[in-house]
Amino acid sequence: MIEIRGLQKYFGALHVLKGIDLDVEKGEVLSVIGASGSGKSTLLYCINGLEEIQGGQVAVDGQEVHAKGTDLNKLRQKLGMVFQQWNSFPHLTVQENVALAPRIVRGLSRKAADEIAERQLVHVGLGDKLGVYPGALSGGQQQRLAIARALAMEPDYMLFDEATSALDPELVGEVLETMRMLAEEGMTMICVTHEMGFARDVSDRVAFFHQGVMEEIGPPSQIFGAAQSPHTQSFLANVR
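Residues numbered from 1 in each chain as written. Predicted model: local features only at pLDDT ≥ 70, side-chain atom pairs only at ≥ 80, totals over all residues. Heavy atoms only, no water.

**Things to note about the side chain of serine 88**
Put simply, the test is: Helix and strand definitions here come from DSSP, where helices need a minimum of 4 consecutive H or I residues and strands a minimum of 2 consecutive E residues; each element is numbered from the N-terminal end. Pairs of N or O atoms within 3.5 Å make up the polar contacts considered here, provided that, within protein, one atom can donate a hydrogen while the other can accept it, and that residues adjacent in sequence are counted only when both atoms are side-chain atoms. Should any heavy atoms of two residues lie within 4.5 Å, those residues are counted as being in contact.
In this fold, serine 88 is placed in the loop between β6 (79-82) and α3 (94-104). Reaching out from serine 88, the side chain makes a polar contact with the side chain of glutamine 142 at a distance of 3.3 Å. Each residue touching serine 88, except ones within four places of it in the same chain, is listed here: Asn97, Pro134, Gln142, Leu145 and Arg149.

**Observations concerning the packing of helix α5 (residues 139-151) against helix α6 (residues 169-184)**
Applied cut-off: Throughout, an axis means a line fitted to C-alpha atoms (over the contacting stretch in the case of helices), and angles, computed between N-to-C directions, take values from 0 to 180 degrees. Our angle categories are set so that under 35 degrees counts as roughly parallel, over 145 as roughly antiparallel, 65 to 115 as roughly perpendicular, and the remainder as oblique. Note on residue classes: Ala, Val, Leu, Ile, Met, Phe, Trp, Tyr, Cys and Pro are nonpolar, Asp, Glu, Lys and Arg are charged, and everything else, Gly too, is polar.
Running from amino to carboxyl end, α5 crosses α6 at an angle of 20°, the nearest separation of the two axes being 8 Å. Compared by their axis directions, α5 and α6 come out roughly parallel. Contact residues: Gly139, Gly140, Gln141, Gln143, Arg144, Ile147 and Leu151 in α5; Leu171, Glu174, Val175, Thr178, Met179 and Leu182 in α6. Split by residue class, the contact of α5 with α6 holds six nonpolar, five polar and two charged.

**Topic: the sheet that holds strand β3 (residues 29-34)**
So the rule is basically this: At least two bridges found by DSSP between two strands are what make those strands a pair.
Strands sit in the order β6-β7-β8-β3-β9-β10 across an open sheet of six strands; the sheet is mixed. Of all the strands in the sheet, just β6 and β10 (213-218) have a single pairing partner and so form its edges. Strand-to-strand twist of the sheet, defined as the mean angle between neighbouring strand axes without regard to direction, takes the value 15°. Sheet topology places β6 next to strand β7 (residues 157-161); four bridges connect them, and they run parallel. Note that in β7 the partner of glycine 80 across the bridge is methionine 158. Contacts between helix α9 (residues 230-239) and the sheet are confined to β3, β9 (205-210) and β10, with β9 contributing the most and set at about 100° to the helix.

**A look at the sheet that holds strand β1 (residues 2-11)**
One open sheet holds the four strands; their spatial order is β2-β1-β4-β5, and the pairing between them is antiparallel. Two strands close off the open sheet at either side, each with one partner strand: β2 (14-24) and β5 (63-64). The sheet contact formed by β1 and strand β4 (residues 55-60) spans five bridges and is antiparallel. Each bridged residue has a counterpart across the sheet, and for isoleucine 4 the counterpart in β4 is valine 58. Where helix α1 (residues 40-47) meets the sheet, it contacts β1, β2 and β4, and its direction lies at approximately 115° from that of β1.

**Side note on α5**
The criterion, for reference: Expected span of a helix: the number of residues minus one, times 1.5 Å. Partly exposed describes any residue whose relative accessible area lies between the buried limit of under 20% and the exposed limit of over 50%, with all areas from a 1.4 Å probe on protein chains only and scaled to the type maximum.
The terminal C-alpha atoms of α5, which comprises 13 residues, lie 18 Å apart, in line with the 18 Å expected from a rise of 1.5 Å per residue. Of the positions making up α5, those classed as buried are Gly139, Gly140, Gln141, Gln142, Gln143, Arg144, Leu145, Ala146, Ile147, Ala148, Ala150 and Leu151. Residues of α5 that are buried sit in contact with β6, α3, α4 (110-123), β7 and α6.

**Quick notes on the environment of glycine 131**
Note that glycine 131 resides in the loop between α4 and α5. Assessed through its relative accessible area of 55%, glycine 131 is described here as exposed. Spatially, the C-alpha atoms of glycine 131 and leucine 92 are 9.1 Å apart, while their sequence positions differ by 39 residues.

**Quick look at the pattern of salt bridges**
This is how the line gets drawn: Definition used for salt bridges: Asp or Glu carboxyl oxygen within 4 Å of a side-chain nitrogen of Lys or Arg.
This structure, assessed with the given rule, holds eleven salt bridges. For the salt bridge of glutamate 28 with arginine 205, the shortest nitrogen-to-oxygen distance reads 2.4 Å. Of the two residues, glutamate 28 is situated in the loop between β2 and β3 and arginine 205 in strand β9; the sequence distance between them amounts to 177 residues. We classify glutamate 28 as buried; its relative accessible area is 9%. Arginine 205 gets classed as partly exposed once you look at its relative accessible area, which sits at 24%. As a salt-bridge pair, lysine 40 and glutamate 162 come within 3.9 Å of each other at their nearest N and O atoms. Of this pair, lysine 40 sits in helix α1 while glutamate 162 sits in the loop between β7 and α6, placing them 122 residues apart in sequence. Overall, the relative accessible area of 3% leaves lysine 40 in the buried class.

**A look at the environment of arginine 119**
Here arginine 119 shows up in helix α4. Separated by 24 residues in sequence, arginine 119 and glutamine 95 place their C-alpha atoms 9.9 Å apart.

**Some details on the nonpolar core**
Let me state the cut-off plainly: Put simply, buried Ala, Val, Leu, Ile, Met, Phe, Trp, Tyr and Cys residues joined by side-chain atoms within 4.5 Å make one nonpolar core.
Counting residues in hydrophobic clusters, the biggest one holds 37 residues, and the most contacted among them are Val82, Leu121, Ile147, Met158, Phe160, Met179 and Met189. Breaking this core down by element, the ones donating at least two residues are α3, α4, α5, β7, α6, β8 (188-192) and α7 (196-202). In terms of residue count, α6 provides more of this core than any other element does, seven residues in total. Not counting residues up to four positions away in its chain, the partners in contact with methionine 189 are Glu28, Val29, Leu30, Met158, Phe160, Met179, Leu182 and Ala183. Formed by 28 residues, the second largest nonpolar core is a distinct cluster that contains Ile2, Leu44, Cys46 and Met81.

Okay, structure coming up:
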């Protein structure tokens, strides 16, 4: 599981995360919602050690992410992350993009890495795109490529940082459908998202962030149907 206790994060004088306490159980899908600048994406960056923290603890399967002796490269093999931008290598084919990390980080042979890449690309619906280059893909296909690339490391957890925010509206659905499929397969997921329908339909729990505080957390029926916080109520009234 992922355990967060008293997490504090500053950017200079700006207090971005103000004492976050959160547990995410294996197999759980947690959606994190809130206005831009509320600390949602920063939370993900702190979980996988891309950002240093100024207080508190983050532990993945009992290992403290920010402890001095932690091998972050090894720990991140458990944490697949999908960013807003897909960041694929334009000079490599789709299959080569996905096979790269298993070869370099996990030390697999080219044959073994290519087999994993093909399996994960088929998994996300890109089995017919193995030999093409990313520039020939639509935005939605490129984001599914990014998901396949993360899955190729066989992570225990998937972190999604607004994975659909850079996409044209007509391409959002295919990426959400892939995320929905992963959730149904039992993948543990933390999804920072502006897609309220996804958060309502797919999540086990929804957390609402407001100005660096986790204002409210609970099942979707509570957050969307009977929110306790006035800030949550106001946010949802404006995004529906």
